[in-house]
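# Observations on the three-dimensional arrangement
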Amino acid sequence: MAEQVRALLHEQHIPEPKAWRFAQVPGEGVWGFSLPFFPIAAAEVRAKGLKMPVPQRAQELAQAAAERVRDLPGVQRVEAVRGYLNIYVDPHAYGRQVVDTVLAQGPNFGRAPRRGQRLMVEFSQPNTHKAFHVGHLRNVILGEAVCRILDAAGYEVVRANYLGDIGWHVIKWLWNYLTYHQGEEPPTEDKTTWISQLYIEANRRLKENPDLEPQVRALFHRWEARDPELLALWEKTRQWSIEGFEEIYRLLDVHFDRVYYESEMEEPGKALVEELIRRGIARDLRPNGPVIVPLDELLGLDKETYRTYVVLRSDGTSLYATKDLPLAIQKFREYPDLVQSIYVIDVRQSLYMKQIFKTLELMGYEWADRLYHLAYELVLLPANLIQEVQEVDLEAEAPAEAEGKPQAKAASSREGAVLLDQLFQEAHRRARAIVDEKNPSLPAATKDRVAWQVALGALKYSMLARENTRFFVFNWQQALDFNGNASPTIQYAHVRCASLLRKAGGAPEASVTPQHELHPAEVALISQLAAFPGVVLRAAAEYKPLHITNAAFALARAFNDFYDRCPVLAAEDPQVRDFRLRLVAATKQTLANALHLLGIEAPEVM
RNA sequence: GCCCCAGUAGCUCAACGGACAGAGCAGCGGCCUUCUAAGCCGUCGGUUGCAGGUUCGAAUCCUGCCUGGGGCACCA
């Protein structure tokens, strides 16, 4: 269709507008192409020196084009309005085509052809021997959604995790365990909470009694000396942590293809630092200073840009910075064909990430320009939760906020509060209460399952339905708001579709061309379906699940509107009924596909 | 001091340089003997932080400023 119009315009020597939009024309209940003629008009006025307002010339051009396009096959109506050429296509043929496409492609609707390109997404990156809390949740949910979206956009995605399995926090935990909990085992369920309690306890003991610190330092030396007994305990307890994480990942429906360990990067990292020094990229200031990569100096930049990258402590012990270099290299060694290596990491690490990338570039790795930092903002805790946090937050410093200032505090890794288990249980409790209220006749087991689908969906959706780089202020009410622009609205639309299809015994398999005059609600719904594949590509290109949540919500709203206005089962004309049933089936499929990209389940009943 | 991000309805947020800046929540008023009311409709609500600039056209791009948050050598 677009091709035909394009060819015709070309034939008639009418310049072709640059921006092609296939969309509903504002205010109209039908759809078509919308072409603005302003750029051409502007160019013309400039070139020929016409004394004429651009909008007027645009309108003239649009009108001229309209005359030519009018008789094309498939074109139902053409109009030139305020400089736009609107070409309306035959809604019956188009409606059938959209519905047929969705139903033919099924779960693949919205999925692009395979590109034969692989990329890696590193996300989650929890520390072992520590809590996993709401602050970590956004990372996991975002990372997983981005992976699913990239996969749908045709990439082969390698999901990578990077476990912080060593460092002072681990040593502190081990010290507390050895000294006060020798021989204890975690519970079979919710290991993470147990582990995190021991960590909080370790911090409390050390804060209350700083004299104990030499014990911890002594333990660190035993670690450095690779004391076999300590190593064995470390491995065992680390495994508990990992099992705890797996519980959470299972619940969130997240998996990883490759797990890297921080502890494995320590030796290679130190070796790399030596190489950097040898090659004159790094400067060794030991023992009076650290090993640094003076990036701005090396690049001859007068203005502070990359600043100075510290790669090794003055005492020779390693930093995160030491280990991130070999990690990046290891990834490309294993997967040389990666077209991109994405790091889902807190926006505060932006400068640090740039330093890593630049250093790798200076080292001559040709893939350095394929590294990408996907930044996201923190989850904040509002004032009413801070109190709760502080009760268990014995490591963080007391907040010194002024009176009257909006109080929000980052849910940083030091804080134990709002653990995931607590959050999930509360979410489930609330969702279950609503299921009981809305649909009391469901069997208890079904109610329970639906409550999980709704609860997790609401949490995931609330974190994805905003710009990655905007703060997410956590509060129970909003995170678990089941109305409006939230996942239950979308799930509910899916349930309504399922219900209609159940009652009808499924949708007709054969293609149906609607003969009736389509209701504006039907047109709007079909438009939403047609837009979905484009939205997926855009979400992938920008790494923004937000586009998917917006599209899913718009689709759910369009469906609810349709549901309210257009009888399906009760339609008098069997052909209308058949077409609408197929439309319902297509909507159900697209809603399910969209929810899947967000990692959210689509219930059959709720 | 340098750098990054944000500032849009009372609140939380959308909006590919394009048509009248849209949703949800909260408020008010309607719609369930009829396909699940977790829904739908109506209504109220805006000088898109300020001032310039570019453009036929700016919430969007550029410059400056204001406000808030964050980052800047051995934390992770």
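What comes next is a walk through the structure. (Residues numbered from 1 in each chain as written. Chains lettered and ligands numbered in written order. Predicted model: local features only at pLDDT ≥ 70, side-chain atom pairs only at ≥ 80, totals over all residues. Heavy atoms only, no water.)

### Section: the pairing of strand β9 (residues 291-294)
Within a regular beta strand, the side chains point alternately toward one face of the sheet and then the other, so they alternate between its two faces. Where we set the bar: Remark: exposure states derive from per-residue accessible area (1.4 Å probe, protein chains only) relative to the maximum for the residue type, with buried under 20%, exposed over 50%, and partly exposed in between. A run of H or I in DSSP becomes a helix once it reaches four residues, and a run of E becomes a strand once it reaches two; helices and strands are each numbered from the N terminus. What makes two strands pair is DSSP finding at least two bridges between them.
Burial along β9 is two-sided: the residues Val-291 and Val-293 and Ile-292 and Pro-294 are all buried. Where strand β8 (residues 283-284) and β9 come together, two bridges link them in antiparallel fashion. Paired with Asp-284 across the bridge in β9 is Val-291. In the sheet, β9 pairs with strand β10 (residues 308-312) via four bridges, with the strands oriented antiparallel. The partner of Ile-292 across the bridge, within β10, is Val-310.

### Focus: helix α10 (residues 266-278)
Inclusion rule: Working rule for helices: expected span equals 1.5 Å times residues minus one. The directions from the helix axis to the C-beta atoms are what the arc is built from. Note on contacts: a residue pair qualifies if any of its non-hydrogen atoms lie within 4.5 Å across the two residues.
Here α10 is 13 residues long and its end C-alpha atoms lie 19 Å apart, about the 18 Å a rise of 1.5 Å per residue gives. Taken residue by residue, α10 has Glu-266, Gly-269, Leu-272, Val-273 and Leu-276 as its buried positions. The buried residues of α10 occupy an angular sector of 115 degrees when projected down its axis, which confines them to one face. Those residues of α10 hidden inside the fold are in contact with α8 (213-224), β9, β10, α12 (320-334) and α13 (350-362). Immediately downstream of α10, the backbone of Gly-280 shows phi near 80 degrees, a positive value.

### Quick word on the nonpolar core
What counts here: The definition of a nonpolar core used throughout is a set of buried Ala, Val, Leu, Ile, Met, Phe, Trp, Tyr and Cys residues joined through side-chain atoms within 4.5 Å.
By size, the foremost hydrophobic cluster in this structure holds 117 residues, and its most contacted members are Phe-37, Leu-85, Val-121, Leu-150, Ile-548 and Phe-562. With sequence-adjacent residues up to four places away left out, Leu-150 is seen in contact with Leu-119, Val-121, Tyr-155, Val-157, Ile-342, Ala-540 and Tyr-543. Core analysis: the next-biggest nonpolar cluster, separate from the first, contains 37 residues, Leu-325, Ile-345, Met-353 and Leu-360 among them.

### With respect to the protein's contact with RNA strand B
Heads up, the rule is: If even one non-hydrogen atom of a residue comes within 4 Å of a molecule or strand, that residue is called near it. Each polar contact in these results corresponds to two N or O atoms within 3.5 Å; when the atoms are within protein, one needs to be able to donate a hydrogen and the other to accept it, and residues that are neighboring in sequence are counted only if both atoms are side-chain atoms. Three categories are distinguished: nonpolar for Ala, Val, Leu, Ile, Met, Phe, Trp, Tyr, Cys and Pro, charged for Asp, Glu, Lys and Arg, and polar for the others, with Gly belonging to the last.
Ser-34, Arg-46, Tyr-84, Gln-349 and Tyr-492 are the nearest of the 65 residues found near RNA strand B. Of all RNA strand B atoms lying within 4 Å of any protein atom, the proportion belonging to sugar or phosphate reaches 62%. One nitrogen or oxygen atom from the side chain of Arg-348 is found 3.3 Å from a sugar or linking oxygen belonging to RNA strand B. Ser-499 is positioned with one of its side-chain polar atoms (N or O) 2.6 Å from a phosphate oxygen of RNA strand B. Looking at the surface near RNA strand B, the elements with two or more residues in it are α2 (38-48), β4 (84-89), α15 (420-438), α18 (487-504) and α20 (545-565). Broken down by element, the surface near RNA strand B gets its largest block of residues, ten residues, from α20. Taken together, the residues of the surface near RNA strand B break down into 28 nonpolar, 17 polar and 20 charged.

### With respect to the pattern of salt bridges
For clarity, the threshold we go by: The term salt bridge refers to a side-chain nitrogen of Lys or Arg lying within 4 Å of a carboxyl oxygen of Asp or Glu.
This model, assessed by the stated rule, comprises 40 salt bridges. Here Arg-222 ties to Asp-227 by a salt bridge, and the two come within 2.7 Å at their closest N and O atoms. Take Arg-222: its relative accessible area is 31%, and that puts it in the partly exposed class. Through salt bridges with shared partners, a single ionic network connects Glu-144, Arg-148, Arg-159 and Asp-253.

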